[in-house]
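Residue-level structural notes
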Amino acid sequence: MPPTFADLEAAVLRAVENAVNAPAGIPRIDAELPLQGAVIPTMGQDEEKILKARASIVSVIRKNLQGPEEIQQLFSKYQDLAQMNAEQYALEFRSKHATLEEYSEAIEEFRTRAEAILNTCSDEVCTGLVQVDSKDLKETLSRTAVEVASKLLEQVLIQLHSLNQDIIQRYEVIQAEVSKSPTNSEEVVAVKKYLHEVPKELASLEALIIQGRQKEDFLGKYAYDVPEEEFGLLFTAYEWPKRIGSILEVNSQRIEEENESFQQDFRKRLAEFNATIAEYAEQVKSFECFGEIDNVAMYAEQVRELQRNIEAATEQAEKINIEESLFSLPNSRFNQLPQMIISLEPY
């Protein structure tokens, strides 16, 4: 760790102290030689001359520290960069869900600070007693500011990547859903309903594509080096609106035709079902001609079979009503079915 100004002052004073202690035992220049056995006078730390010398040295040092302290003060406004972790700062910034405008303000701020740091002073400044070397400090602080700006731009790229992946995936879902080949009425109606909702999804995707273009322009504004593979993703996302139009046109026509085909088939099955019910009604009516109770054994099996058929028809009637609702058709009423079951009870 570089010495502080206090360390410098202490070191010089120790040098003075050592200089005074070094000639211990050597007679002073101004001293007369003592008689044999007398103590030889030497220089002492508490002599007035030494004290004045120490005071003068301290005064000179402190006056010469004014320049370095002023240079130090120039860098005080960049103190936050000395402890800043660019990656962590960028993550915290992202958690705020900042807008592109806010990203721009932050990037401009850090880029401006990076340049200002390098222009704060010369790499080496002689202030008299002290020569200040600020090259490493300037490079470190400036590099941190540039790295923060770069990390923020990287986040915008990550957002753009995620956005384009989402856009492509959602268009692929639309393509897969409208390209389905229905196998029954429920499926054809589901696809037709989905087609009805597609315009809302397309409007949402168009808004996302606009956001993507804004992010792309943003990165271009700062001359950010976008990877080649990212351009491929951009192109795919931007091409989907052109592709989806023909896909929807072809499949919308196909689904309409299939819907009509399933409806025709349903109407045919409904007509056949109504004919079957009418046949059951005739069979029930025919049992009224049997009359004699002694003959019940003869037609009991026929009654049981007809009863099973009517119960199955009742279940089928419920399914027909469901299918009618799918096609937005009025529900048929099959009131004769429960009446037929009642009519068979005596047999």
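Please refer to the structure higher up on the page.
Residues numbered from 1 in each chain as written. Predicted model: local features only at pLDDT ≥ 70, side-chain atom pairs only at ≥ 80, totals over all residues. Heavy atoms only, no water.

**A look at the pattern of salt bridges**
With the rule as written, the count across this model stands at 13 salt bridges. For Glu256, the salt bridge identified is with Lys192, shortest N-O distance 3.8 Å. With Glu256 in helix α9 (residues 228-287) and Lys192 in helix α8 (residues 185-221), the pair connects residues that are 64 residues apart, well separated along the chain. Lys192 sits in the partly exposed class, given a relative accessible area of 32%. Its salt-bridge partner being Glu258, residue Arg254 comes within 3.1 Å of it at the nearest N-O pair. Of this pair, Arg254 and Glu258 both sit in helix α9, four residues apart, roughly one helical turn. When salt bridges that share partners are traced, they join Asp166, Arg170 and Glu201 into one network. (Salt bridge = Lys/Arg side-chain N within 4 Å of Asp/Glu carboxyl O. Helix = DSSP H or I, 4+ residues; strand = E, 2+ residues; numbered from the N terminus. Buried < 20%, exposed > 50% of the residue type's maximum accessible area, 1.4 Å probe, protein only.)

**Examining the packing of aromatic side chains**
Counted by the stated rule, this structure contains seven aromatic pairs. Note on Tyr89 and Phe93: the rings are 6.4 Å apart at their centroids and 25 degrees apart in plane angle, and the pair reads as stacked. Remark: Phe93 and Tyr89 occur in helix α5 (residues 86-94); sequence separation between them is four residues, near one turn of the helix. Relative accessible area serves as the criterion here: at 25%, Tyr89 is assigned to the partly exposed category. Accessibility expressed as a relative area gives 9% for Phe93, which makes it buried. Centroid distance Phe93 to Tyr103: 4.9 Å. Interplanar angle 70 degrees. Geometry classified as edge-to-face. Of this pair, Phe93 sits in helix α5 while Tyr103 sits in helix α6 (residues 100-118); the two residues are ten residues apart in sequence, bridging distant segments of the chain. Note on accessibility: Phe93 and Tyr103 belong to one class, buried. Cluster of aromatic residues (ring-pair linked, three or more members): Tyr89, Phe93, Tyr103 and Phe110. In this arrangement the basic side chain of Arg213 is found over the ring face of Tyr238, its NZ or CZ atom lying 3.9 Å from the centre. (Phe/Tyr/Trp six-rings, centres within 6.5 Å; stacked < 30°, edge-to-face > 60°. Lys NZ or Arg CZ within 6 Å of the ring centre and 35° of its normal.)

**Section: a nonpolar patch on the surface**
Residues Leu8, Val60 and Leu129 make up a contiguous nonpolar surface patch of roughly 240 Å² in combined accessible area. Locating Leu129 in the fold gives a position in the loop between β1 (124-126) and β2 (131-133). (Patch = residues over 30% accessible without salt bridge, like charges linked within 9 Å, V, L, I, M, F, W, Y side chains within 5 Å. Areas by Shrake-Rupley, 256 points an atom, 1.4 Å probe, with all protein chains shown as cover.)

**Thoughts on the side chain of Ser185**
With respect to the helices and strands, Ser185 occurs in helix α8. A polar side-chain atom of Ser185 sits 2.5 Å from a polar atom in the side chain of Glu323. When residues no more than four places from it in sequence are discounted, the contact partners of Ser185 are Phe262, Arg269, Glu323, Leu326 and Phe327. (Polar contact = N/O pair within 3.5 Å; in protein donor to acceptor, adjacent residues only side chain to side chain. Contact = heavy atoms within 4.5 Å.)

**Some points on the packing of α5 against α6**
For the pair α5 and α6, the least separation of the axes is 12 Å and the interaxial angle reads 155 degrees. Between α5 and α6, the interaxial angle falls into the category roughly antiparallel. Crossing of α5 over α6 shows right-handed handedness. Touching Tyr89, Phe93 and Arg94 of α5 are Glu102, Tyr103, Ala106 and Phe110, all from α6. When its residues are assigned to classes, the contact of α5 with α6 shows five nonpolar, no polar and two charged. (Axes fitted to C-alpha atoms, helices over the stretch in contact; angles between N-to-C directions. Parallel < 35°, antiparallel > 145°, perpendicular 65-115°, else oblique. Left-handed = near helix turned anticlockwise from the far one by under 90°. Nonpolar A, V, L, I, M, F, W, Y, C, P; charged D, E, K, R; others polar.)

**Overview of the nonpolar core**
By size, the foremost hydrophobic cluster in this structure holds 77 residues, and its most contacted members are Tyr171 and Ile174. The set of elements that each furnish at least two residues to this core consists of α5, α6, α7 (135-178), α8, α9, α10 (296-326) and α11 (336-344). For this core, the element with the highest residue contribution is α9, accounting for 17 residues. Excluding its chain neighbours within four sequence positions, the residues that come into contact with Tyr171 are Leu202, Leu205, Ile209, Trp240, Pro241 and Ile244. (Core = buried A, V, L, I, M, F, W, Y, C linked by side-chain atoms within 4.5 Å.)

**Some details on a negative patch on the surface**
Negative charge collects at one region of the surface, where Glu124, Asp133, Asp136 and Glu139 lie side by side. Along the chain, the position of Glu139 falls in helix α7. (Lys, Arg positive; Asp, Glu negative; His and termini not counted. Charge placed at Lys NZ, Arg CZ, Asp CG, Glu CD.)

Just geometry here; none of it tells us what the structure is for.
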